[in-house]
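Here are the chains, one letter per residue:
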Amino acid sequence: MGPMSDRQTPSRLGLVARRVRTQQWWNHKVPPLLLVAYLLLLGSGGPPVTPAGHALFLLAGLGAAIVGVASAGHIMNDWADLGADAKAGKANVLSQVSRPVRATLLLGAVFLGAGAWMVIDPGVGGWVVFALELGLLTAYSAPPFRLKGRGLLGVAADATYASALPIALTALAMATV
């Protein structure tokens, strides 16, 4: 998603994509997760262990879960940063968006992620890791924890919710085969 010229009118989907900052996470977060999914679906070198139809179903669910959770995380972070960004004169994609629209975007993202996760049905362990992911995303951005401003604790939280937990969630999603 590149910058738009003055002559282009963004679609509603394009506007939502900008609000959840897909251009900042899609190209470097999604491919490694898909790699893990593909490797697990293919198995150990023999014939694929997952029938093609079921594999596509799982990949579609995983894609929806990734988009939902990543979007929710960016919305929470930007919402929590509104005051600090305004003081610093920093642009924030949610600064011109009303509170009800912010809430709708956030709830829509969470429901997309959780709905996809329900369809995948990763078992109790998958739901525990999913809840941990959403909880850590929230604790990183929002008071009273706001780990984002707490030095190494914030760095550790970021590495965990941005890399380690998504890989674990991908593995758990593909383990349903």
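Scroll up for the structure.
Residues numbered from 1 in each chain as written. Predicted model: local features only at pLDDT ≥ 70, side-chain atom pairs only at ≥ 80, totals over all residues. Heavy atoms only, no water.

S.K.: Summarise helix H6 (residues 123-141); cite the residues concerned and give the values.
M.R.: Along its 19 residues, H6 runs 28 Å from first to last C-alpha, staying within 8% of the 27 Å computed at 1.5 Å per residue. Taken as a whole, H6 has its buried residues at Gly126, Val129, Phe130, Glu133, Leu134, Leu136, Leu137, Ala139, Tyr140 and Ser141. Contact partners of the buried residues in H6: helix H3 (52-80), helix H5 (99-120) and helix H7 (152-174). (Helix = DSSP H or I, 4+ residues; strand = E, 2+ residues; numbered from the N terminus. Expected span 1.5 Å × (residues − 1). Buried < 20%, exposed > 50% of the residue type's maximum accessible area, 1.4 Å probe, protein only. Contact = heavy atoms within 4.5 Å.)

S.K.: Pulling in residues and values, what's your account of the layout of surface pockets?
M.R.: For the largest pocket, the calculated volume is near 500 Å³. Lining the largest pocket are 26 residues; nearest its centre among them are Ala70, Glu133, Leu137, Tyr161 and Ala162. The set of elements that each furnish at least two residues to the lining of the largest pocket consists of helix H2 (26-42), H3, H6 and H7. The biggest single contributor to the lining of the largest pocket is H3, with eight residues. Its residues assigned to classes, the lining of the largest pocket comprises 15 nonpolar, seven polar and four charged. In this model, the second largest pocket occupies a volume close to 380 Å³. As for the second largest pocket, its lining consists of 18 residues, and the residues nearest its centre are Val16, Val20, Thr22, Val67 and Ser71. For the lining of the second largest pocket, the secondary structure elements donating two or more residues are helix H1 (12-19), H2, H3 and H5. With five residues, H5 is the largest single contributor of residues to the lining of the second largest pocket. Counted by class, the lining of the second largest pocket contains eleven nonpolar, seven polar and no charged residues. (1 Å grid on protein atoms, 1.4 Å probe; cavity = no way out; pocket = protein on both sides within 12 Å on 5 of 7 lines; lining within 4 Å. Points joined across faces, edges and corners; volume = space filled by probe spheres on them. Nonpolar A, V, L, I, M, F, W, Y, C, P; charged D, E, K, R; others polar.)

S.K.: Explain the packing of aromatic side chains to me, and be specific about the residues and the numbers.
M.R.: Under the definition given, this model contains four aromatic pairs. Ring geometry for tryptophan 127 and phenylalanine 130: centres 5.5 Å apart, planes at 75 degrees, overall edge-to-face. Highlighted residues: tryptophan 127 and phenylalanine 130, both in helix H6, separated by three residues, approximately one helical turn. Residue tryptophan 127 is classed as partly exposed on the basis of its relative accessible area of 30%. Overall, the relative accessible area of 5% leaves phenylalanine 130 in the buried class. Three or more aromatic residues joined by ring pairs form one cluster here, namely Trp117, Trp127 and Phe130. (Phe/Tyr/Trp six-rings, centres within 6.5 Å; stacked < 30°, edge-to-face > 60°.)

S.K.: Can you explain the packing of H3 against H5? Please cite residues and give values.
M.R.: Two elements in contact, H3 and H5, have axes whose closest approach is 7 Å; the angle formed by their N-to-C orientations is 150 degrees. One way to sum up the angle between H3 and H5 is to call them roughly antiparallel. When you trace H3 past H5, the crossing you get is left-handed. Partitioned by chemical class, the residues of the contact of H3 with H5 number 21 nonpolar, four polar and two charged. (Axes fitted to C-alpha atoms, helices over the stretch in contact; angles between N-to-C directions. Parallel < 35°, antiparallel > 145°, perpendicular 65-115°, else oblique. Left-handed = near helix turned anticlockwise from the far one by under 90°.)

S.K.: Talk me through the nonpolar core; I want residue IDs and the actual numbers.
M.R.: Core analysis: the biggest nonpolar cluster contains 42 residues, and Leu62, Ile75, Trp117, Phe130 and Met174 have the highest contact counts within it. Listing elements by their share of this core, those giving two or more residues are H2, H3, H5, H6 and H7. For this core, the element with the highest residue contribution is H3, accounting for eleven residues. Setting aside anything within four residues of it in sequence, one finds tryptophan 117 in contact with Ala65, Pro122, Gly126, Trp127, Phe130, Leu169 and Ala173. (Core = buried A, V, L, I, M, F, W, Y, C linked by side-chain atoms within 4.5 Å.)

S.K.: Lay out the pattern of salt bridges with the relevant residues and their values.
M.R.: Applying the stated criterion to the full structure yields three salt bridges. Of the charged contacts in the structure, one is a salt bridge between aspartate 78 and arginine 21, with a shortest N-O distance of 2.8 Å. Here aspartate 78, found in helix H3, pairs with arginine 21, found in the loop between H1 and H2; they are 57 residues apart in sequence, far enough to count as distant. Looking at arginine 21, the relative accessible area reads 14%, which means it is buried. For lysine 148, the salt bridge identified is with aspartate 81, shortest N-O distance 2.4 Å. Here aspartate 81 lies in the loop between H3 and helix H4 (82-88) and lysine 148 lies in the loop between H6 and H7, a separation of 67 residues in the sequence. The class for lysine 148 is partly exposed, based on a relative accessible area of 30%. The exposure class assigned to aspartate 81 is buried, which follows from its relative accessible area of 5%. Each of Asp81, Arg146 and Lys148 takes part in one network of salt bridges that share partners. (Salt bridge = Lys/Arg side-chain N within 4 Å of Asp/Glu carboxyl O.)

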